[in-house]
Amino acid sequence: MIQLLFHIVAIGLYTVSAVFYWRVLETLPNAGGDLKRAMAFGGLGVVLQGALLIGDIDHDGHLTLGVGTILSLDAWAVAAIFLIASLRKPIGSLGAFIMPSTAIATIGQIFLPASSEDTRISDPWLVAHIVISILAYSLLSIAVVQSLFLWVQESRLRRRYTRQPLRAIPPMETMETLMFEMIQVGFLLLTLTLVSGFFFSEQLFGNPLPFTHHSILSLVAWLAFAVLLIGRRQFGWRGLNAVRWTIGGFVLLVFAYLSAEFLFKLVLPR
């Protein structure tokens, strides 16, 4: 009962944070106080949810993974990285979408908590592989949110639609630069995830390169981001072209993560 109450409090903190982030979008000239409040409530939510996640996934020193905990853990990592990055980068406007998403994922943690029937992992290297993959997914998630902002900015500018919420978003050049910074770091972590994943697949399947849905989709997503970064460097890709590649690679990565959840639930327990 107490744990449920703490989950509700975390959801409330994220919700209040989201409200202040939306106010930042709407009242940019006086957004300093609202931005600090948004970050404060979001930070408290991240700390509380982090403590809840530790209690939910740590069973006798084993990492226990279930559907709700994986989704909640991913969302928590996105929120945490976003808050840390927003201390030095002008990406506060993204919180209007990241915080509500994290609140929804925390609800999933309530209804789909980890249980004794879920996969338990004790190998520290495999745990490290999972942590790196979550970090890669989180950074690329933030990059996708940025790409959506870029798409909105470009489409509105083409229609000369300049209502006030648009003014609260950093200039397109700044957002684009920040997006590619996130993609570069996320791509590096995704590369480490694939390399370490092939290593662990030999332990799990006896084959260093198994042709599962997860491995194929992850590799195709990696190739999509690789093409995007090469196109950016060699041909100066930007705007909607970069947005399409970013969203396309991320969609493939989402399907790869869904396949990974199927792997944890059905294959590993055997």
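Remember, it's a predicted structure, so these values are computed and weren't measured experimentally.

How each quantity is defined
- Residues numbered from 1 in each chain as written.
- Predicted model: local features only at pLDDT ≥ 70, side-chain atom pairs only at ≥ 80, totals over all residues.
- Heavy atoms only, no water.
- Helix = DSSP H or I, 4+ residues; strand = E, 2+ residues; numbered from the N terminus.
- Contact = heavy atoms within 4.5 Å.
- Areas by Shrake-Rupley, 256 points an atom, 1.4 Å probe, with all protein chains shown as cover.
- Phe/Tyr/Trp six-rings, centres within 6.5 Å; stacked < 30°, edge-to-face > 60°.
- Buried < 20%, exposed > 50% of the residue type's maximum accessible area, 1.4 Å probe, protein only.
- Polar contact = N/O pair within 3.5 Å; in protein donor to acceptor, adjacent residues only side chain to side chain.
- Salt bridge = Lys/Arg side-chain N within 4 Å of Asp/Glu carboxyl O.
- Expected span 1.5 Å × (residues − 1).
- Patch = residues over 30% accessible without salt bridge, like charges linked within 9 Å, V, L, I, M, F, W, Y side chains within 5 Å.
- Core = buried A, V, L, I, M, F, W, Y, C linked by side-chain atoms within 4.5 Å.
- pLDDT = per-residue confidence, 0-100.
- Axes fitted to C-alpha atoms, helices over the stretch in contact; angles between N-to-C directions.
- Parallel < 35°, antiparallel > 145°, perpendicular 65-115°, else oblique.
- Left-handed = near helix turned anticlockwise from the far one by under 90°.

Focus: the overall build of the protein chain
What the protein chain contains, in helices and strands, is nine helices and three strands. Sequence-ordered secondary structure for the protein chain, helices as α and strands as β, is α-α-β-β-α-α-β-α-α-α-α-α. For the protein chain, long-range pairs separated by at least 24 residues make up 80% of all intrachain contacts whose partners lie at least 6 apart in sequence. Approximately 14,100 Å² of the protein chain is accessible, and the part contributed by carbon and sulfur atoms is 69%.

Quick word on the packing of aromatic side chains
As enumerated under the stated definition, the model contains seven aromatic pairs in all. Their ring planes at 25 degrees and their centres at 5.7 Å tell us that Trp 237 and Trp 245 sit as a pair that is stacked. Given a relative accessible area of 31%, Trp 245 falls into the partly exposed group. Among the aromatic side chains, those forming a connected cluster through ring pairs are Trp 22, Phe 97 and Phe 149.

Considering the side chain of Ser 17
Mapped onto the fold, Ser 17 is located in helix H1 (residues 2-26). On the basis of relative accessible area, Ser 17 is assigned to the buried category, the value being 0%. Within the structure, Ser 17 has its side chain in polar contact with the backbone oxygen of Ala 38 (distance 2.7 Å). Every residue in contact with Ser 17, bar those within four places of it in the chain, is listed here: Ala 38, Phe 41, Gly 42 and Met 99.

Quick word on the pattern of salt bridges
Counted by the stated rule, this structure contains five salt bridges. Of the charged contacts, one joins Glu 176 and Arg 232 as a salt bridge, the two residues approaching to 3.3 Å between their closest N and O atoms. Highlighted residues: Glu 176 in helix H7 (residues 172-205) and Arg 232 in helix H8 (residues 213-235), separated in sequence by 56 residues. With a relative accessible area of 5%, Glu 176 lands in the buried category.

Section: helix H4 (residues 95-111)
Between the first and last C-alpha of H4 there are 25 Å, a value that for 17 residues agrees with the 24 Å anticipated at 1.5 Å per step. Those residues of H4 that sit buried are Gly 95, Ala 96, Ile 98, Met 99, Thr 102, Ala 103, Ala 105, Thr 106 and Gln 109.

Things to note about a nonpolar patch on the surface
Judged by side-chain polarity, Met 1, Leu 4 and Ile 8 come together as a nonpolar surface patch covering roughly 350 Å² of accessible area. Mapped onto the elements of the fold, Leu 4 is located in helix H1. With relative accessibility at 36%, the residue Leu 4 sits in the partly exposed group.

A few points about the environment of Ser 101
In this fold, Ser 101 is placed in helix H4. Put simply, Ser 101 and Ala 18 are 83 residues apart on the chain and 9.4 Å apart in space, counted from C-alpha to C-alpha.

Section: the nonpolar core
Residues Phe 82 and Leu 94 are the most contacted members of the largest nonpolar core, which totals 51 residues. Secondary-structure elements contributing two or more residues to this core are H1, helix H2 (31-57), helix H3 (67-86), H4, helix H5 (124-158), H7, H8 and helix H9 (239-267). The element that contributes the greatest number of residues to this core is H5, accounting for 10 residues. Those residues in contact with Phe 82, other than ones at most four positions away along the chain, are Tyr 21, Ile 91, Gly 92, Leu 94, Gly 95, Ile 98, Met 99 and Ile 142. Membership of the second largest hydrophobic core comes to six residues, among which are Leu 53, Leu 73, Ile 130 and Ile 134.

A look at the confidence of the model for the protein chain
On average, residues of the protein chain score 80 in pLDDT, and 76% of them are at 70 or above. In this model, residues 262-270 is a region of pLDDT below 50 whose contacts with residues beyond four sequence positions or in other chains number 16 contacts.

Comments concerning the environment of Gly 248
Here Gly 248 shows up in helix H9. C-alpha separation for the pair Gly 248 and Ala 221, spaced 27 residues apart in sequence, amounts to 8.0 Å.

Quick word on the packing of H1 against H4
Any two packed helices are characterised by how steeply their axes cross, that is the angle between the axes, and by the distance between the axes. Contact pair H1 / H4: the axes reach a minimum separation of 8 Å and the direction vectors enclose 165 degrees. When the axes of H1 and H4 are compared, the pair comes out roughly antiparallel. When you trace H1 past H4, the crossing you get is left-handed. Within the contact between the two elements, H1 uses Leu 4, His 7, Ala 10, Ile 11, Tyr 14, Thr 15, Ser 17, Ala 18, Tyr 21, Trp 22 and Leu 25 and H4 uses Gly 95, Ala 96, Phe 97, Met 99, Pro 100, Thr 102, Ala 103, Thr 106, Ile 107, Gln 109 and Ile 110.

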